[in-house]
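Here are the chains, one letter per residue:
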Amino acid sequence: MTKEKQQALFYLANHIDPDQVEAGHKLFAKQTEFIKGITSVTAMPSEGYPEVCFSGRSNVGKSSLINNLTGRNSIARTSKTPGRTREINFFLLDQNKFLVDLPGYGFAKAPLKERERWQKLVSDYFFQSQNLRRVFLLIDSRHGIKSSDINLMKMLGEAGVIFQVVFTKYDKVKELQFKEVLEASFEKMASHANAFSEVLLTSSRKGHGIAILRATINNLFHLS
Ligand SMILES: Nc1nc2c(ncn2[C@@H]2O[C@H](COP(=O)(O)OP(=O)(O)OP(=O)(O)O)[C@@H](O)[C@H]2O)c(=O)[nH]1
Ligand SMILES: [Mg+2]
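Residues numbered from 1 in each chain as written. Chains lettered and ligands numbered in written order. Predicted model: local features only at pLDDT ≥ 70, side-chain atom pairs only at ≥ 80, totals over all residues.

Novice: In this structure, what is going on with the site of ligand 1? I would like to understand it.
Specialist: Around ligand 1, a shell composed of 24 residues is seen, among which Gly61, Ser64, Thr78, Thr85 and Gly104 lie nearest. Counting residues per element, the shell around ligand 1 draws most heavily on helix α3 (residues 62–70), which supplies three residues. Counted by class, the shell around ligand 1 contains three nonpolar, 14 polar and seven charged residues. (Near = placed C-beta within 6 Å. Helix = DSSP H or I, 4+ residues; strand = E, 2+ residues; numbered from the N terminus. Nonpolar A, V, L, I, M, F, W, Y, C, P; charged D, E, K, R; others polar.)

Novice: Teacher, can you tell me more about the environment of Asp101 here?
Specialist: Its place among the elements puts Asp101 in strand β5 (residues 97–101). Owing to 24 C-beta atoms within 10 Å, Asp101 belongs among the buried residues under this scheme. Note: C-alpha distance between Asp101 and Ser185 (84 residues apart in sequence) is 23 Å. Setting aside residues up to four positions removed in sequence, Asp101 forms contacts with Phe54, Lys62, Ser63, Ile66, Ala76, Thr85, Asn89 and Phe91. (Buried ≥ 20, exposed ≤ 12 C-beta atoms within 10 Å, placed from the backbone. Contact = placed C-beta atoms within 7 Å.)

Novice: Teacher, can you tell me more about the packing of helix α2 (residues 18–29) against helix α7 (residues 210–221) here?
Specialist: Packing of α2 against α7 brings their axes to within 7 Å, and their N-to-C directions diverge by 85°. Comparing the axis directions of α2 and α7 gives the class roughly perpendicular. Within the contact between the two elements, α2 uses Gln20, Val21, Ala23, Gly24, His25, Leu27 and Phe28 and α7 uses Ala211, Arg214, Ala215, Ile217, Asn218 and Asn219. (Axes fitted to C-alpha atoms, helices over the stretch in contact; angles between N-to-C directions. Parallel < 35°, antiparallel > 145°, perpendicular 65-115°, else oblique.)

Have a look at this one:
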């Protein structure tokens, strides 16, 4: 496939219907509460509510994004040091939907045992979750897709789960630099059939892209 063809498969979201934005805003104005953090999938909630999850390398901004989406400063714990989230955390939104915060990967200093524990927990989750509507795969706008992200894409492919790339920390990058990251990312995504064609660009710090992400999640929850 030529580079042009690879890139034509994907596009950056830049417009969304205002009614959908409004609906997303309304959903996230509803109550969110932390339900539990699990270290084994045997403890997964059993209600059967639809869920979306946030995955990505350590420190990419998963927990910060959940906080920003829900308008709650610290419902998900964040940290300057990678490896803050070690469990799979379930947040109940609007009484019958789950937002799921995953522990990060790709943290070089993590001991082998810890990495193996992560691998088992997360892969069990992807293979066994019956209600997962989509995985948001968070990628740092400065660094782009790394080999550990590719490994995750493969794991998701094996589990038959669709992922949508969400770039984070857009406030930290210059437009020209990001253009290069975006092109390289599209190239890497092209060989993954489970990559969703639309990608999102966000900044939890500045609020960029949050309205579109809320609307996207609301749409996913309303698929029957
Ligand atoms: N500038 C900027 N910093 C951010 C943004 N989002 C998160 N951060 C910072 O990045 C660091 C990591 O954020 P977290 O949300 O804890 O990252 P995480 O992906 O949950 O990390 P783990 O739980 O370790 O996997 C924190 O210091 C955040 O303040 C953003 O949009 N812009
Ligand atoms: Mg976290």
